[in-house]
Amino acid sequence: QTWLEQSRTKFRDADPALFFVGMGQGLPLLSCSFDGLIHQDGGPQPMRPGSRASARGSQLLCEGRSARHGPLVCSAVGKEIFLYVSESGRKLSVLEGSKGPVTCLLGSGTSLFSGSVDRAVRRWDLETGNNIAELKGHDGSVWCLELIQDMLCSASEDATVICWDLESGARLARLTQHTSPVRCLLDVGGAILSGSDGGTLICWDLKSFEPIAKTEAHTCAITCLLHVERGGSVFSGAADGSITRWNQHCRDAANSLEGHVQWITCLLATEEWLFSGSRDGTIKRWDLETGVLTVSLELGTISLRKPAGFLVATEEGSVCISKMPEGEKFIKVDHEGGSMSFLASNGLFLSASPGGAVGAGSESIGDEERFDVMAHRDGTISLRTTYGTYLSVGATADAGAGVSAIHCDEDIPLDPEKFNHCLIEAHWSGVTCLQMVSGCLMSGAADRSVKLWDPNSGILVASLDSRTGITCLLDTGGALYAGVARGNPLRLPRPSGPFAQANTRSPLPAKVPAAMLRASSARCAAACAAASEADVDASKAGIAECEAPLSPPAVRRGDAAAAAAAPGEAPAGARRSSSRSCD
C-alpha cells in the first residue's frame, strides 16, 4: 500500500499494472514498469501469434488502428464507444451517435463497424471519430458483424443476414432462409456461415447469395462458431452444452464432443487442441484431430511452504521439502463435509497411513487421501488426516526433510504442523472467454476473475480478480485488455510464459468423478479488488486482497499473501515494489 501511494504521488499519470498472484509454476519473475507494461528481465515480451477464438462476449472489445496513435482498443459501453491507446491505456475519444446499446464491434484498419439495438449498422472513422455511414435495413437488433472480402455481413434478431458493399455501403443482398434470430456469423473460406437460435446452420455462396448447405445442426440455439483452417473444420457450440465438428461447408457432421452440461460460450483452437468454455464453469481440452476429451480444467490448486522450501512430491511418490523456486501446485479436490484431497504433479494423490507414513502414490481417493484443512490466525494452515494426526515436517524442516503424519497432543498444532500456503480457486461461475497469450491459456468468467492455466498440464497457476464479471479478453500484441460487465475495460499484465512444452503429461483426469467436483459456488464467492478505468492502469493485485472462506475447516483465500512471505520477510504486498513482483 505504501508503495502504491508513493507511486501515485510520483507518477500521477500512470498507476502500476495489476499483478497475477501465483507461486511460480513456469512463470519467470516479472517486474512492473511505469509505462504500464509487464517486463521480464527488463525487456518487453515479444508478441506470439494468437489463436483464432470465437465468443459472443468478445464482440464488446475489438482492435482498431490510427495512423497517429497506432493500435487502438475500442470498447462498447451502453450507447457509447470508447477509444483507448493500446500501448498506454490512455482514453482517446468517445464515439457517440448510437440510439440504442451497442451489441457488437468489428475493426478493420482505420474503420470501426458497430451494430446496435436500434437496428442500424454504423461505420466510424478512427482518425477523426466521425460516423461516416449508417446502414439501415434490419427490422430487429443487430447481433453480429463479419467482414468477408469486400463485403460486410450483419446478422439480426429479424432472422436475416444482410450483405453490404464495404466501400459504398449499398445493400447487396438480404439472406432470409432462417426462421429465428441469427446471432453467429463466420467466414469459412470465401463463404459465410450463419447460426441461429433455432439451431440451424446455413452456409451461403457469396457470389449467388444462395445456400450451399442448410443443416439442422442443434436442437437449441447456436451460441458460437469457430473455423479451424487446418483440415477445414468448423466447430459449433450450442446452448445445451454440445459441440459438433463439421466439414468446411457444414454438409456433414464429423463427430460430436460431449462433456459440458450448459451453454457453450467460447471456443479456441491451437495447433493440437480445441478448448471450450461453458456456463457450467469449466474449460475442457479436446484433441483437435480426434475430438477426444483429454483434460477438464475445473479444479483449484494449493502450494504449501515452510521457511526452508516448498512441499513437493517426487516421481517415485515420496514427499519432502524442496528449495525449488517454483514450488509445487497440488490440485485441490473438495469433498462433501469440507475435507480435501491433493493431486500431485506425478498424477497420484497425497496420502497418510495410520502408521504416519506420508507419500504421493495413490491412484484413487480413500480415507488415507482425505485431509481436513485447519486455518490459524497467523495465516498458516495444518493438514489433519482422518486418523487425527497432522502432517509434520519436523523441528528443523531443512530442505530435503521428509514429511510424516504425527499425533498432536495439543489442541492447537505446533510450528512443525503449520504451513504457509497459496490457494487459487478455479472458476465457480460461467466461463465467458478464452485467450492464448504467450503460450499460456487465459480465461475470464462471470465470477469476476481472470485465470491463467498451463495448457499442457491443465493446472491452474494464477488468478486475478476484478470488481465485476469478465466479458471478453483482447490481445493487442503490446497490451492485454479485459472487458467487464459494468464499467470500462481493465488493462492486464502479460504473462511471461510460455510454459515448458516438455511437460505434456497431465495429472488431471479428462472426466472428473463426482467426488472430485468442486463444492457449492456460494462458498467460493470472493470480495473483489478495486480496478481502475482503462485510461489509468489498474492498481491492485487481486487474490491477495480477497477473503473467501471455504467450508469448515476454513481456509481463507486472503491467506495467500502469508504464503509468499517467509519469517523475516516483508508481506507480499510490500514485496511488490521490488523486481520480484510476482509472488
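As a reminder, the structure under discussion sits directly above these lines.
Note that this is a predicted model, so its numbers are computed, not measured.

Caption draft 1: Region of interest: the pattern of salt bridges. According to the stated counting rule, one finds twelve salt bridges in the structure shown. One salt bridge in this structure joins Arg 174 and Asp 139, with 3.5 Å as the shortest N-O distance. Of this pair, Arg 174 sits in strand E16 (residues 171-175) while Asp 139 sits in the loop between strand E12 (131-136) and strand E13 (142-148), and the two are 35 residues apart along the sequence. Arg 174 sits in the partly exposed class, given a relative accessible area of 29%. Asp 139 gets classed as exposed once you look at its relative accessible area, which sits at 52%.

Caption draft 2: How the structure looks around the environment of Gly 115. Among the structural elements, Gly 115 can be located in strand E10 (residues 111-116). Overall, Gly 115 belongs to the buried group, its relative accessible area being 0%. Not counting the four nearest positions on each side in its chain, Gly 115 is found in contact with Pro 101, Val 102, Thr 103, Cys 104, Ala 120, Val 142 and Leu 145.

Caption draft 3: Main features of the packing of aromatic side chains. On inspection of all chains with the given rule, the structure shows two aromatic pairs. Ring centres of Trp 273 and Phe 275 lie 6.1 Å apart, and the angle between their planes is 80°; on these two criteria the pair is classed as edge-to-face. Look at Trp 273 and you get buried, because its relative accessible area is 11%. Their ring planes at 45° and their centres at 5.9 Å tell us that Phe 342 and Phe 371 sit as a pair that is tilted. With a gap of 29 residues between them, Phe 342 in strand E33 (residues 340-343) and Phe 371 in strand E36 (residues 371-375) connect regions that are remote in the sequence. Lying over the aromatic face of Trp 263, Arg 279 brings its terminal NZ or CZ to 3.9 Å of the ring centre. Looking at Arg 285, its charged tip hangs above the ring of Trp 273, at a distance of 4.1 Å from the centre.

Caption draft 4: Structural view of the pairing of strand E34 (residues 349-352). Here E34 shows no split at all, with Phe 349 and Ser 351 on one side and Leu 350 and Ala 352 on the other all buried. Across four bridges, the pairing between E34 and strand E35 (residues 358-362) is antiparallel. Bridging from a neighbouring strand, Phe 349 pairs with Ser 362 of E35. Between the antiparallel neighbours E34 and E35 lie five residues, among them Gly 356 with a positive phi of about 105°.

Caption draft 5: Local environment of the pairing of strand E25 (residues 264-269). Burial within E25 is extensive, with six of its six residues counted as buried. By the bridge criterion, five bridges tie E25 to strand E26 (residues 273-278) in an arrangement that is antiparallel. Pairing of Ala 269 across the sheet is with Leu 274, part of E26.

Caption draft 6: Layout of the sheet that holds strand E7 (residues 80-85). Pairing is antiparallel across the open sheet formed by four strands, whose spatial order is E5-E6-E7-E8. Since the sheet does not close on itself, it has two edges, and those belong to strand E5 (61-66) and strand E8 (91-95), each with one partner. The mean angle between the axes of side-by-side strands here comes to 30°, regardless of whether they run parallel or antiparallel. With six bridges joining them, strand E6 (residues 70-77) and E7 adopt antiparallel strand pairing. For Leu 72, the partnering residue across the bridge sits in E7 and is Val 85.

Caption draft 7: Spatial organisation of the side chain of Ser 236. Its location among the elements puts Ser 236 in strand E22 (residues 233-238). In terms of polar contacts, Ser 236 uses its side chain to reach the side chain of His 218, at 2.8 Å. Sequence-distant contacts of Ser 236, that is, excluding residues within four places in its chain, are made with Leu 201, His 218, Cys 224, Leu 225, Ser 242, Ile 243, Thr 244, Trp 246 and Leu 267.

The rules behind each value
Residues numbered from 1 in each chain as written. Predicted model: local features only at pLDDT ≥ 70, side-chain atom pairs only at ≥ 80, totals over all residues. Heavy atoms only, no water. Salt bridge = Lys/Arg side-chain N within 4 Å of Asp/Glu carboxyl O. Helix = DSSP H or I, 4+ residues; strand = E, 2+ residues; numbered from the N terminus. Buried < 20%, exposed > 50% of the residue type's maximum accessible area, 1.4 Å probe, protein only. Contact = heavy atoms within 4.5 Å. Phe/Tyr/Trp six-rings, centres within 6.5 Å; stacked < 30°, edge-to-face > 60°. Lys NZ or Arg CZ within 6 Å of the ring centre and 35° of its normal. Pairing = 2+ DSSP bridges. Axes fitted to C-alpha atoms, helices over the stretch in contact; angles between N-to-C directions. Polar contact = N/O pair within 3.5 Å; in protein donor to acceptor, adjacent residues only side chain to side chain.

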